[in-house]
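Inside the fold
Listed here are the chains, written in short residue letters.
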Amino acid sequence: MELTEIYKKGKEKLLAKDYGIFLRGVETEFVMRNNREIMDRYTFRQKAIDAVAEPDTSVEVLGVKLRTPVIMSSMTMPIPAIVEDGLMEVARALKAAGSLMWTGSPVPSDLKGLKATGVPLAGNVKPLKERDKIFKALEEFQASGVDWIGIEIDSGQGTKVLDRQMVFDCSPLSFSELQEIRQAVQGPLIFKGILSKEDAVKAAEAGADGIVVSNHGAHTLDYLPHPFQVMDGIVEEVGGKVVIIVDGGFRRGSDVLKGLAFGASLVGLGRPILYGLAADGEQGVRDVVTSITAELRRLLSMVGGKDVKGLRRNILVCGF
Ligand SMILES: Cc1cc2nc3c(=O)[nH]c(=O)nc-3n(C[C@H](O)[C@H](O)[C@H](O)COP(=O)(O)O)c2cc1C
């Protein structure tokens with residue numbers, strides 16, 4: 001199925017269910033609108049002469065080899081409600097697309113089953129008020145052999161959709177707690193939800209291997225910026241020291257190329273994975289990632305790129 005059709009069909013199906021509320025944004029939904037608006041401000045500097053016909057989209061990040069820089073953003077809910085065996089379908093789809101699966105809250109019960117599909121797997125932990133539960137989750141993740149562990153540093157006030165508080169049992173993590181978490185994690189550790197250079201520097205100093213520059217897809221605070229509004233400062237401070245991943249409103253190959261040009265190594269998809277699953281199950285998720293990657297490859301060629309590494313900000317023309 002084509003991307004436009006998947007998005008339309010998937011969105012309609014999800015909105016018809018009570019969990020369709022998860023697609024909405026916090027309070028005024030400014031963040032949702034702004035995500036699209038900011039991304040649309042950038043256009044591409046075409047360099048067609050001497051273009052490479054088939055640029056390489058493969059990447060290796062923190063020990064994980066992928067055929068695409070397009071990955072799943074951290075999510076668990078509402079996947080099992082959309083399709084009963086949805087998490088396994090997503091895992092198989094992402095494996096087939098050469099991508100990475102990133103689970104969210106709650107921690108899936110069958111992490112080992114997901115890992116057994118062969119998909120590179122990351123797990124996320126919320127800043128739970130009951131701190132011992134964080135360390136329990138870290139142990140669980142490490143025992144199941146996940147490739148990376150993510151810590152949501154941005155949900156210290158829980159999550160909220162429209163006027164409804166969705167998650168209550170969180171409180172902000174301190175620098176020293178992040179250092180403790182670093183001590184407890186042997187493998188790659190990624191802090192998700194960075195939106196300032198100050199937090200990016202603290203994340204690097206606390207020992208993060210990577211950061212996700214993210215406004216949590218409009219599920220935490222209203223009036224947060226889009227990552228592109230803060231990326232340059234962050235890349236200047238920590239680029240080359242930690243891996244930078246970005247998410248929030250990325251829908252097409254063009255959006256992904258912009259994320260890479262801003263200095264990200266990987267770009268995460270939240271809602272598009274849900275649309276794919278709702279529209280056409282495993283095949284739908286696979287189609288989302290492979291279509292976006294194909295769009296990316298096509299664009300990459302015509303902006304003078306031969307691969308996705310070391311793309312420069314100067315492939316973008318800011319039109320507004
Ligand atoms: C239904 C849903 C559930 C989510 N659950 C989590 C979660 O458990 N942990 C987390 O860090 N982010 C969570 N997110 C945020 C995503 O990881 C990601 O940051 C965001 O969805 C990206 O924006 P996009 O949906 O516009 O692509 C969730 C997002 C959605 C839409």
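In this report, we go over the structure that sits alongside the text. Everything numeric here is computed off the predicted structure, so don't read it as measured data.

1. Some details on the packing of helix 6 (residues 131-144) against helix 7 (residues 175-184)
Following both chains from N to C, one finds helix 6 and helix 7 inclined at 25°, their axes separated by 10 Å at the closest point. One finds that helix 6 runs roughly parallel with respect to helix 7. For the crossing formed where helix 6 meets helix 7, the hand is right-handed. In this structure, helix 6 contributes R131, I134, F135, L138 and Q142 to the contact, and helix 7 contributes E177, E180, I181 and A184. In the contact of helix 6 with helix 7, the residues fall into five nonpolar, one polar and three charged.

2. Overview of the sheet that holds strand 10 (residues 189-194)
Across the sheet, which stays open at both edges, the eight strands sit in the order 4-13-12-11-10-7-6-5 with parallel pairing between neighbours. Edge strands, defined here as strands with exactly one partner in the open sheet, are strand 4 (70-72) and strand 5 (101-102). The pairing of strand 7 (residues 148-152) with strand 10 spans four bridges and is parallel. When the bridges of strand 10 are listed, I149 appears paired with L189.

3. Structural notes on the packing of aromatic side chains
Scanning all chains against the criterion turns up seven aromatic pairs. With centroids separated by 4.3 Å and ring planes inclined at 15°, the aromatic side chains of F30 and Y223 adopt a geometry described as stacked. Taken together, the residues span a long stretch of sequence, with F30 in helix 2 (residues 30-39) and Y223 in the loop between strand 11 (210-213) and helix 9 (231-238) at a distance of 193 residues. Arranged with centres 5.7 Å apart and planes meeting at 75°, the rings of F228 and F250 form a pair that is edge-to-face. Of this pair, F228 sits in the loop between strand 11 and helix 9 while F250 sits in the loop between strand 12 (243-247) and helix 10 (253-261), and the two are 22 residues apart along the sequence. For the pair shown, F228 and F250 are each scored as buried. Among the aromatic residues, those joined into a ring-pair cluster are Y42, F228, F250 and F262.

4. Some details on the site of the ligand
If you check the shell around the ligand, you find 25 residues, and the closest are S74, S105, D247, R251 and R271. One of the backbone N or O atoms of S74 is found 2.7 Å from an oxygen atom in the ligand. Between the ligand and K192, the relevant distance is 2.9 Å, taken from an oxygen atom to a side-chain nitrogen or oxygen of the residue. Protein contact buries 97% of the 610 Å² of open area that the ligand shows by itself. Among the elements that take part in the shell around the ligand, helix 11 (residues 271-302) stands out by supplying three residues, more than any other. Of the residues in the shell around the ligand, the class split is seven nonpolar, twelve polar and six charged.

The rules behind the values
Residues numbered from 1 in each chain as written. Predicted model: local features only at pLDDT ≥ 70, side-chain atom pairs only at ≥ 80, totals over all residues. Heavy atoms only, no water. Axes fitted to C-alpha atoms, helices over the stretch in contact; angles between N-to-C directions. Helix = DSSP H or I, 4+ residues; strand = E, 2+ residues; numbered from the N terminus. Parallel < 35°, antiparallel > 145°, perpendicular 65-115°, else oblique. Left-handed = near helix turned anticlockwise from the far one by under 90°. Contact = heavy atoms within 4.5 Å. Nonpolar A, V, L, I, M, F, W, Y, C, P; charged D, E, K, R; others polar. Pairing = 2+ DSSP bridges. Phe/Tyr/Trp six-rings, centres within 6.5 Å; stacked < 30°, edge-to-face > 60°. Buried < 20%, exposed > 50% of the residue type's maximum accessible area, 1.4 Å probe, protein only. Near = heavy atom within 4 Å. Polar contact = N/O pair within 3.5 Å; in protein donor to acceptor, adjacent residues only side chain to side chain. Areas by Shrake-Rupley, 256 points an atom, 1.4 Å probe, with all protein chains shown as cover.

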